[in-house]
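# Observations on the model geometry
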Amino acid sequence: MKFFIDTANLQDIAEAQAMGVLDGVTTNPSLMAKEGITGKDNISKHYLAICKIVEGDVSAEVNAVNCDGMISEGEELAALHPQIVVKLPMIADGIKACRYFHSKNIRTNVTLVFSAGQALLAAKAGATYVSPFLGRLDDVSTDGLHLINEIRQIYDNYNYQTQILSASVRHTMHIVNCAKAGSDVMTGPLSAIKGLLKHPLTDIGLNQFIEDAKKMKL
């Protein structure tokens, strides 16, 4: 399973990259605004800065909600850097734009997916990635992991090449469960990725090794 980080914070991206486990980055307008990145030129420069840190795909989201606007914005984003993947909303115009980009060999990530039917449409339209929002479903007392399992079954049934990019991942068990369900990618915060390192028995064992090593030097 690929590990993406869901942020526009360059420091977090660099830290995840330094760990040697980062495969890509996902962003959205909210994450850009959180970092104080506003204005078309500044946002474009920020995407390029991200692409300099990571070697994998970087999802860049369009702001338009009509097909022509998505195509115009998406083409500009894709032209910025070969790593850029155009992120489109799961609406009718988003699916139309996805089909257009597929015909032009421009990679896409269809986002805001909350049902297996939406994921099926995205795959039919030729999406490179589909982003079901695991955590947001959990927030409304719906089993987000069940959706990942449904999409995996459908894609395997028909050999769709669209990759399942489990989004809105909040914590370490989300990551582990996505891996068990066969998600191709997960995207979440740095804290969730680093959380996989933690186990109390590891800490206890390491402390014991350190103490024993000190005794050997006496």
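Residues numbered from 1 in each chain as written. Predicted model: local features only at pLDDT ≥ 70, side-chain atom pairs only at ≥ 80, totals over all residues. Heavy atoms only, no water.

With that settled, the discussion passes to the environment of Ala-79. Within the secondary structure layout, Ala-79 lies in helix H4 (residues 67–80). Classification of Ala-79 by relative accessible area gives exposed; the value is 65%. (Helix = DSSP H or I, 4+ residues; strand = E, 2+ residues; numbered from the N terminus. Buried < 20%, exposed > 50% of the residue type's maximum accessible area, 1.4 Å probe, protein only.)

This part takes up the layout of surface pockets. Taken as a whole, the largest pocket spans an internal volume of roughly 430 Å³. Taken together, 25 residues form the lining of the largest pocket, with Asp-6, Asn-28, Leu-31, Phe-133 and Arg-136 sitting closest to its centre. Elements with a minimum of two residues in the lining of the largest pocket: helix H2 (29–34), strand S5 (108–113) and strand S8 (185–188). Looking at the lining of the largest pocket, its residues break down into 7 nonpolar, 11 polar and 7 charged. The volume enclosed by the second largest pocket comes to roughly 290 Å³. (1 Å grid on protein atoms, 1.4 Å probe; cavity = no way out; pocket = protein on both sides within 12 Å on 5 of 7 lines; lining within 4 Å. Points joined across faces, edges and corners; volume = space filled by probe spheres on them. Nonpolar A, V, L, I, M, F, W, Y, C, P; charged D, E, K, R; others polar.)

A separate point is the packing of helix H3 (residues 40–53) against H4. At their nearest, the axes of H3 and H4 sit 10 Å apart, and the two run at 40 degrees to each other. Relative to H4, H3 is oriented oblique. Remark: the crossing between H3 and H4 carries right-handed chirality. Touching Lys-40, Ser-44, Tyr-47 and Leu-48 of H3 are Glu-76, Leu-77 and Leu-80, all from H4. Here the residues of the contact of H3 with H4 sort into 4 nonpolar, 1 polar and 2 charged. (Axes fitted to C-alpha atoms, helices over the stretch in contact; angles between N-to-C directions. Parallel < 35°, antiparallel > 145°, perpendicular 65-115°, else oblique. Left-handed = near helix turned anticlockwise from the far one by under 90°. Contact = heavy atoms within 4.5 Å.)

The next point concerns the pattern of salt bridges. Considering all chains together, one arrives at 9 salt bridges under this definition. Between Glu-15 and Lys-194 there is a salt bridge, with the nearest N and O atoms lying 2.8 Å from each other. Separated by 179 residues along the polypeptide, Glu-15 in helix H1 (residues 10–19) and Lys-194 in helix H10 (residues 190–195) bring together distant segments of the chain. Relative accessible area serves as the criterion here: at 32%, Glu-15 is assigned to the partly exposed category. The partly exposed category is assigned to Lys-194, whose relative accessible area is 32%. (Salt bridge = Lys/Arg side-chain N within 4 Å of Asp/Glu carboxyl O.)

Its place among the elements puts Ser-168 in the loop between strand S7 (163–166) and helix H9 (172–181). Among the polar contacts made by the side chain of Ser-168, one reaches the main-chain amide nitrogen of Arg-136 at a distance of 3.2 Å. For Ser-168, the side chain forms a polar contact with the side chain of Arg-170, separated by 3.4 Å. When near neighbours in sequence (up to four residues on either side) are disregarded, Ser-168 contacts Phe-133, Leu-134, Gly-135, Arg-136, His-174 and Thr-187. (Polar contact = N/O pair within 3.5 Å; in protein donor to acceptor, adjacent residues only side chain to side chain.)

Quick look at the pairing of S5 now. The element S5 is largely enclosed, with a buried count of 5 among its 6 residues. In this fold, strand S4 (residues 84–89) hands off to helix H5 (residues 92–103), which returns the chain to S5; that crossover is right-handed. Here 3 bridges tie S5 to strand S6 (residues 129–132), and the two strands are oriented parallel to one another. Following the sheet pairing, Val-110 is matched in S6 by Val-130. Crossover S5 to S6 through helix H6 (residues 116–124) is right-handed. (Right-handed = clockwise from strand over helix to strand, strands pointing away. Pairing = 2+ DSSP bridges.)

Counting residues in each nonpolar core, the largest one holds 55 residues, and the members touching the most others are Ile-5, Val-58 and Leu-88. Not counting residues within four places of it along the chain, the set of residues in contact with Leu-88 comprises Val-62, Met-70, Gly-94, Ala-97, Cys-98, Phe-101, Thr-108, Asn-109, Val-110 and Thr-111. Phe-4, Val-85, Tyr-129 and Leu-165 belong to the second-largest nonpolar core, a separate cluster that totals 5 residues. (Core = buried A, V, L, I, M, F, W, Y, C linked by side-chain atoms within 4.5 Å.)

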